[in-house]
Amino acid sequence: MATLEKIRSKSVLLFVIIIVALLAFILGDFLTSGRTYFGSGTAVAEAKGKKIDIALYNNQLERAKEQSNNYNNVDYDELAQDMVRMLIGQELLKQEYDDLGLSISDLEISEAMTGVMPHPAAQQFIYTISQNLGFDRIDGKAVLDAIKNPAKYNLPVEASKQLSAAWAQTEQDVEQAMLQQKFYDLVQGLFTANELDAKSVYNDNASTRHIAYATKGYNTLPADDVKVDDADIKAAWQKDKNAYRIDEETRYVDYVYVVIEPSAEDRLAGQQAVENALVALNAAEGLAAVDNDNRFVVTRENRPASRISDKALREFITAAENGKAEIISNSRDNYQIAKLMSSTEDVDSINVSVLGLRNPSDADSIVAALNSGAKWADFVAGADTQGQDSIWVSLAGNNVDNNIKDAWLTAAIGTPTVISDTIQGQPVAQIFKVNRRMTPVPVYEYAVINYTVDPSNATLEKLNTDLRTFLSANSNGEDFSKNAAEAGYSILSASVSASQPHIANVSDSRPAVKWVMDADKGQVSPVIGDNKQTYLMAIAVKDIYKDFIPWNAPSVRAALERKAIANKAGEKLIAEFGGKASDLAGYASLFGGEVSEGDVIFVSPRVATIGIGESEIQGAIAGAPEGKVVGPVAGNNSIVVFEVKSVSDESRPYTFDEYAQRFNRTLGLGIVDPLKMLLGSDKIDNYTLNFVNGIQD
């Protein structure tokens, strides 16, 4: 039953990985990565009239979380927000399917599940079931037969029910994957190059303009000559206003972040506890000194030296006397003690051939056949037998069942032998043949004891008290930010919106996001902490942005000020030098520099040695005739006067196929944000904060 539960679980993994992988063609990577939800209303998100109900959201999120447990460093808050995007994408896709009349027939699903080559979205499921039922290949028809006729395959009724449900779920997953692929095939045609597209890519790449130029940098002006005020900065913002548009209300916050870690007193007490334990471990046999102390995590092992991967541990174990304990690792707040309990001689490895039998009653006849000259390989992948021939297995340690280990150690070399047993009431049988035994080696019984110095209750209380004291004296946003440094706290800043999983990179801070989005400008939060007690945090809401990040927002002001300074410097230098020379040599002399040369390709972001992202200069070069001095033109960091000396075309002739491929690779479907394509001018309204527990003042 446990095995079948794992099989069923694999179908969930199939949904999360295979289906989403196909969906990624259309919707991007939405599921790359919990808490209790409550509140009124049932929609967690809405877009283009499509709502995601809390029940569906929670169900799919739990499935994703179950599977994410197999992976490290999964951020569940990020996973939850990715789920919103994925479910909205699925709902929008359903509408597209209806509008286009896309559907999958029963015959298509049947072929995808039971055909010679199952659909990719079903292969893992069918492979797993086939393997567990002992089939010699992936066989969807056989799996379906086993589900419909469980007695034929000795399957319990409950197992059959579980398999039937898993099969139905996989059929749904396959149907969605096939619909997505049909839709993708249609959409792909909309982003495939036509003759004009291919020719445009050719022209953009084929033409190289060789230029001569002279520059005058903005840094040559005295700082007082290019001072800017708020009006200048706002003008620079207004020029590129749409670059600062935001899709949802955003709050700009200052916050302090306090890491909860042991104090000096905690570390001293921890060191003393480890040293006391070490003395006790060396003074008495066994592990009584730490067995009943939950501060120490004990792991017992029984291995030969060859299977001890940690170098420090291996060196200690192989050199120590029985009963000896020693600190083998000390990394700040983490200690590791090793104790050698005993050492014995044992066979490290054995080479065996093994056969598992579907029908235990076949054992005698198979042994007779093997003794009469039949080859072991004849039975390795049979209809009623599965096994391996001539494999090395480690016997030293705790990895092999004692009954099997004893049988392998005592059996005659080269003689097929039967082991019979009963597992969960079902008779099982194994035939094995020992081909070779290694010479016995020392095997060590030892313990590894880990101790981590944790912050004491007194330390936690002091950190909390200090932060509360600061907040009580600085209850508005202005005082909070102004006085933090004096109180020993560093101010950090972040932009926060409802769809963000957490504050900046602070894990497990979704409730803090809710507090921020519910707070008023200037409001300061209470002390906020995570469930794992790894940090404390306090937040002040500095500003609230509705449709655009404003020009005076701290996150953009510095960059806008640089733009405004460049604009003023460019205007000043052009006014000073424009028309003052008739050729490049004259301008170079006026600029106090020399004439340089370089190549410019329209599609390259770099313009000769002038710089990267110089769109104004690049545009002027692209439209300039040969042999004419052009400028001065204001760039990002200098003014430029140039002359196009020659224009050369790429030697490779134009072919539609080559440049259509270039278009598809660089400008086609692959660079389109699929979700934005489906949303059009609409946006996602994210209501997930309505279902998050808030911060209590």
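Residues numbered from 1 in each chain as written. Predicted model: local features only at pLDDT ≥ 70, side-chain atom pairs only at ≥ 80, totals over all residues. Heavy atoms only, no water.

Participant: So what's going on with the sheet that holds strand β4 (residues 250-259)? Which residues, and what values?
Facilitator: Strand order in the open sheet formed by four strands is β13-β4-β15-β14, and the pairing between neighbours is antiparallel. Both edges of this open sheet fall to β13 (492-497) and β14 (528-529), since each of them pairs with a single strand only. Note that β14 and strand β15 (residues 535-545) share two bridges and pair antiparallel. The residue bridging Ile 528 from the neighbouring strand is Met 537, located in β15. Against the sheet, helix α16 (residues 457-473) touches β4 and β15, its axis set at about 25 degrees to β15. (Pairing = 2+ DSSP bridges. Helix = DSSP H or I, 4+ residues; strand = E, 2+ residues; numbered from the N terminus. Contact = heavy atoms within 4.5 Å. Axes fitted to C-alpha atoms, helices over the stretch in contact; angles between N-to-C directions.)

Participant: Which residues make up a nonpolar patch on the surface, and what values do they have?
Facilitator: Judged by side-chain polarity, Tyr 257, Val 259 and Leu 492 come together as a nonpolar surface patch covering roughly 240 Å² of accessible area. Relative to the elements of secondary structure, Val 259 occurs in strand β4. Of the residues examined, Val 259 reaches a relative accessible area of 45% and is grouped as partly exposed. (Patch = residues over 30% accessible without salt bridge, like charges linked within 9 Å, V, L, I, M, F, W, Y side chains within 5 Å. Areas by Shrake-Rupley, 256 points an atom, 1.4 Å probe, with all protein chains shown as cover. Salt bridge = Lys/Arg side-chain N within 4 Å of Asp/Glu carboxyl O. Buried < 20%, exposed > 50% of the residue type's maximum accessible area, 1.4 Å probe, protein only.)

Participant: Quick one: what's the story with the confidence of the model for the protein chain, residue by residue and with numbers?
Facilitator: In the predicted model, the protein chain carries a mean pLDDT of 83, and 89% of its residues have values of at least 70. Below pLDDT 50 for its whole length, residues 1-40 participates in 120 contacts with residues either more than four positions away or in separate chains. (pLDDT = per-residue confidence, 0-100.)

Participant: Give me the lowdown on the sheet that holds strand β20 (residues 638-649), citing residues and values where you can.
Facilitator: Spatial ordering of the open sheet is given by β16-β3-β20-β19, a layout of four strands whose pairing is antiparallel. If you trace the sheet from one side to the other, it starts and ends with β16 (596-601) and β19 (629-634), each paired once. Strand-to-strand twist across the sheet, computed as the mean angle between neighbouring axes with direction ignored, equals 35 degrees. Judged from the 11 bridges that link them, strand β3 (residues 207-217) and β20 form a sheet pairing that is antiparallel. Residue pairing in the sheet places Ile 211 in a bridge with Val 644 of β20. Along the sheet, helix α20 (residues 584-591) contacts β3, β19 and β20; its crossing angle with β3, the most-contacted strand, is approximately 35 degrees.

Participant: Summarise helix α3 (residues 76-100); cite the residues concerned and give the values.
Facilitator: Between its terminal C-alpha atoms α3 stretches 35 Å, which fits the 36 Å expected from 25 residues at 1.5 Å a residue. At the N-terminal end of α3, a side-chain oxygen is found 3.0 Å from the backbone nitrogen of Asp 77, two or three residues along, and the residue is Asp 75. Once α3 finishes, Gly 101 follows within two positions and takes phi at roughly 70 degrees, a positive value. (Expected span 1.5 Å × (residues − 1). Polar contact = N/O pair within 3.5 Å; in protein donor to acceptor, adjacent residues only side chain to side chain.)

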